[in-house]
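# Fold and contact review
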Amino acid sequence: MDLRKIARNIERNKCNEHNENAKATPKRDNIEISCCCEKFRKTIIAKMEIEIKKEIENELKKAFKR
């Protein structure tokens, strides 16, 4: 799974209240997220979960096409 790709997608999001981008740092098997507020952090985590699910689905599709 390409965590760098997911991190880049997360960093494109801006907080509606503070107009700041999230910072996402891929580490071995996880992504560290820093945000300006807890509300934005919860939103980013939800989006990250969706991104990870999509990435897993794509990997499984590739694996079973062979």
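Here goes a summary of the coordinates provided. All of these numbers come straight from a predicted model, not from anything done at the bench. Throughout this description, residue numbers start from 1 for each chain and increase along the sequence as written. In keeping with the predicted nature of the model, local features appear solely for residues at pLDDT of at least 70, side-chain atom pairs appear and are counted solely at 80 or more, and the whole-chain, interface and lining totals rest on all residues. With hydrogens and water stripped out, all remaining heavy atoms of the structure feed into the side-chain values.

## Some remarks on the state of the cysteines
Disulfides are covalent bonds that link the sulfur atoms of two cysteine residues. A pair of sulfur atoms, both from cysteines and within 2.5 Å, is called a disulfide here. Following the criterion strictly, the structure yields 0 disulfides and no others. C15 supplies the cysteine sulfur nearest to C36, a cysteine that is in no disulfide, at a spacing of 3.6 Å.

## Remarks on a nonpolar patch on the surface
Patch members must show over 30% relative accessible area and no salt bridge, and they are joined within 9 Å when carrying like charges or within 5 Å when they are nonpolar side chains of Val, Leu, Ile, Met, Phe, Trp or Tyr. With residues, only the protein chains shown are counted as cover, and all accessible areas are computed by Shrake-Rupley using a 1.4 Å probe. Any carboxyl oxygen of Asp or Glu within 4 Å of a side-chain nitrogen of Lys or Arg constitutes a salt bridge here. A contiguous nonpolar surface patch, about 460 Å² in accessible area, is contributed by M1, I56, L60 and F64. Locating I56 in the fold gives a position in helix 2 (residues 38-65). A run of H or I in DSSP becomes a helix once it reaches four residues, and a run of E becomes a strand once it reaches two; helices and strands are each numbered from the N terminus.

## Points about the nonpolar core
Core analysis: the largest hydrophobic core is formed by 13 residues, its most contacted members being I6, I10, I31, F40, I44 and M48. Counting residues per element, the ones that place at least two in this core are helix 1 (3-11), strand 2 (30-34) and helix 2. Of all the elements, helix 1 adds the most residues to this core, at 4 residues. Any two residues whose heavy atoms approach within 4.5 Å are treated as being in contact. In this structure, I31 is in contact with L3, I6, A7, A24, T25, P26 and M48, ignoring residues within four places of it in sequence. Among buried residues, the Ala, Val, Leu, Ile, Met, Phe, Trp, Tyr and Cys ones that are joined through side-chain atoms within 4.5 Å form a nonpolar core. For the exposure calls, accessible area comes from a 1.4 Å probe over protein chains only, and a residue counts as buried if that area is under 20% of its type's maximum, exposed if over 50%, partly exposed in between.

## Examining helix 1
Taken together, the buried positions of helix 1 are occupied by L3, I6, A7, N9 and I10. Seen from one end, helix 1 has its buried residues packed into an arc of 160°, which puts them on one side. Of the surrounding elements, those touching the buried residues of helix 1 are strand 1 (23-27), strand 2 and helix 2. Where helix 1 begins, one side-chain oxygen reaches toward the backbone nitrogen of R4, 3.3 Å away; that side chain belongs to D2. When we speak of the arc, we mean the arc of directions from the helix axis to the C-beta atoms. Any N or O atom pair separated by 3.5 Å or less is treated as a polar contact, with the protein-specific requirement of one donor-capable and one acceptor-capable atom, and with residues adjacent in sequence counted only for side-chain atom pairs.

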